[in-house]
Amino acid sequence: MRKEKENVFLRLPKIILNALLNLLKDDNEKYTDRSKYQLAKEVREVKVTVKRLIKDFFLISVGVLSAGFGLDGFLLPNEFIDGGATGISLLITAVTGYPLSLMLIIVNIPFIIIGLRVVGKEFAIKTAIGIAALAIAVATIPYPEITHDKLLTSVFGGFFLGLGIGMAMRGGGVIDGTEVLAITLSRRMGLTIGDVILVINVIIFSVAAYVLSIETALYSMLTYLSASKTVDFVIEGIEEYTGVTIISLKAMEVKKMIIEEMGRGVTVYKGERGFGKTGYSEGEVKIVYTVITRLEVSKLNLEIEKIDPNAFVIMTSIKDTKGGMIKKRSVPH
């Protein structure tokens, strides 16, 4: 009897999953007709989705705590502001005395609606949860006031706020909706996202200089620079990768060198010759592609020069990577 109970308990997750799959399918497509491959595929999809959601909400939670610390521990006690929607909220709070938690929600509501239309439902939900959590954290968590030194407040307040915003973006949402507005305006006005954000922040800091003081506005600009650089660091990572495309008559030797000397993965694909340094020529050519860190660029160029001084090398900056063999493996000697 005990064994039977244990077996039922072990089969329970599978029974629940089968019931859910049956509810999602039409009457003509019952679970009994489904292959083991289809079931395994759907189980894997569910696991991947759940795992990703757990990771995303963990990152957003860490981001909320960090941003709340930057706001309550540094910026709010010193009446400093930041750029974007957070800066607008801080500015309104400094002028009117309304709670920052309330302003964060009110100011970001339009950006959540825009995000729903422009980016998607999942993004809007994560953003709404992140902003609501940040408002609750600012209102309820007793963050200590760290310092009243203006320079330290600007630098470290911006750092913790930027860290929070970057972590939330890593989790697939935002706790500052300015980027959503920038994407929308850039599509309609033909400007870059960076240009739109710059214009928005110029307006915010100009108002801050008039309403608060020029000195406060200047320190707030320093806060914004600190926050934006931290966001870039969190999103891009410590190592910025470089994608390298090499077109060479000695492509196989270059490939061997990258694998054996540098310990990097490579992809080789076929191309056709066209017009080059020696004029027009026809025929196939093999193209080598690899991804390395910035610190390895010099070494790669040197090794390519040894093999083929006439190789055509194209380098592009890569902000992030996923999958493949990115991490350097040990090279046997």
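Residues numbered from 1 in each chain as written. Predicted model: local features only at pLDDT ≥ 70, side-chain atom pairs only at ≥ 80, totals over all residues. Heavy atoms only, no water.

**A few points about the sheet that holds strand S1 (residues 241-247)**
Reading across the sheet, the four strands line up as S2-S5-S1-S6 and stay open at both edges, with antiparallel pairing between neighbours. Looking at strand neighbours, the two that pair on one side only are strand S2 (266-272) and strand S6 (312-318), the edges of this open sheet. Averaged over neighbouring strand pairs, the angle between their axes works out to 25° when direction is ignored. (Pairing = 2+ DSSP bridges. Helix = DSSP H or I, 4+ residues; strand = E, 2+ residues; numbered from the N terminus. Axes fitted to C-alpha atoms, helices over the stretch in contact; angles between N-to-C directions.)

**Examining the packing of helix H2 (residues 36-75) against helix H6 (residues 150-170)**
Two elements in contact, H2 and H6, have axes whose closest approach is 7 Å; the angle formed by their N-to-C orientations is 165°. Relative to H6, the element H2 is oriented roughly antiparallel. For the element pair H2 and H6, the recorded crossing hand is left-handed. Mapping the contact onto sequence places Asp56, Leu59, Ile60, Val62, Gly63, Ser66, Ala67, Phe69, Gly70, Leu71, Phe74 and Leu75 in H2 and Leu152, Thr153, Phe156, Gly157, Phe160, Leu161, Leu163, Gly164, Met167, Ala168 and Arg170 in H6. Looking at the contact of H2 with H6 residue by residue, the classes come out as 15 nonpolar, six polar and two charged. (Parallel < 35°, antiparallel > 145°, perpendicular 65-115°, else oblique. Left-handed = near helix turned anticlockwise from the far one by under 90°. Contact = heavy atoms within 4.5 Å. Nonpolar A, V, L, I, M, F, W, Y, C, P; charged D, E, K, R; others polar.)

**What about the nonpolar core?**
Leu71, Ile81, Leu134 and Ile175 are the most contacted members of the largest nonpolar core, which has 30 residues in total. Of all elements in the fold, only H2, helix H3 (84-96), helix H4 (100-118), helix H5 (121-140), H6, helix H8 (193-211) and helix H9 (214-236) reach the threshold of two or more residues within this core. In terms of residue count, the dominant contributor to this core is H2 (seven residues). Non-local contacts of leucine 134, meaning those with residues more than four positions away in its chain, are made with Val64, Ala67, Gly68, Leu71, Leu104 and Ile175. Counting 14 residues, the second-largest nonpolar core is a separate cluster that includes Ala251, Met257, Met262 and Val297. (Core = buried A, V, L, I, M, F, W, Y, C linked by side-chain atoms within 4.5 Å. Buried < 20%, exposed > 50% of the residue type's maximum accessible area, 1.4 Å probe, protein only.)

**With respect to the packing of aromatic side chains**
Counted by the stated rule, this structure contains seven aromatic pairs. Judged by centre distance (5.7 Å) and plane angle (15°), the rings of phenylalanine 80 and tyrosine 219 are stacked. Of this pair, phenylalanine 80 sits in the loop between H2 and H3 while tyrosine 219 sits in helix H9; the two residues are 139 residues apart in sequence, bridging distant segments of the chain. A residue is classified by how much of its surface remains accessible, and phenylalanine 80, at 4% relative accessible area, is buried. Taking relative accessible area as the criterion, tyrosine 219 reaches 24% and is therefore assigned partly exposed. One aromatic cluster in this structure is built from Phe69, Phe74, Tyr143, Phe159 and Phe160. (Phe/Tyr/Trp six-rings, centres within 6.5 Å; stacked < 30°, edge-to-face > 60°.)

**A look at H6**
The terminal C-alpha atoms of H6, which comprises 21 residues, lie 30 Å apart, in line with the 30 Å expected from a rise of 1.5 Å per residue. Among all positions in H6, only Thr153, Ser154, Gly157, Gly158, Leu161, Gly162, Gly164, Ile165, Gly166, Met167 and Ala168 are buried. For H6, the side-chain oxygen to backbone nitrogen distance between the N-cap and leucine 151 is 3.1 Å, and the N-cap itself is aspartate 149. Where H6 terminates, the next one or two residues include glycine 172, which has phi positive at roughly 90°. (Expected span 1.5 Å × (residues − 1). Polar contact = N/O pair within 3.5 Å; in protein donor to acceptor, adjacent residues only side chain to side chain.)

**Notes on unusual backbone geometry**
Positive phi, close to 55°, is recorded for glutamate 79, a residue that is not glycine. For glutamate 79, the location among the structural elements is in the loop between H2 and H3.

**Re H4**
Relative to the 27 Å expected for 19 residues at 1.5 Å per residue, H4 spans 27 Å between its end C-alpha atoms, a close match to the ideal helical length. For H4, the principal kink sits at isoleucine 109 and spans about 40°; a proline, proline 110, occurs within the next four residues. Inspection of H4 places Leu100, Ser101, Met103, Leu104, Val107, Asn108, Phe111, Ile112 and Gly115 among the buried residues, and these make up the whole buried set. Backbone geometry just after H4 places glycine 120 at a positive phi near 150°. (Bend = angle between axes of the 7 residues up to and from the residue.)

Purely geometric numbers; function is a separate question.
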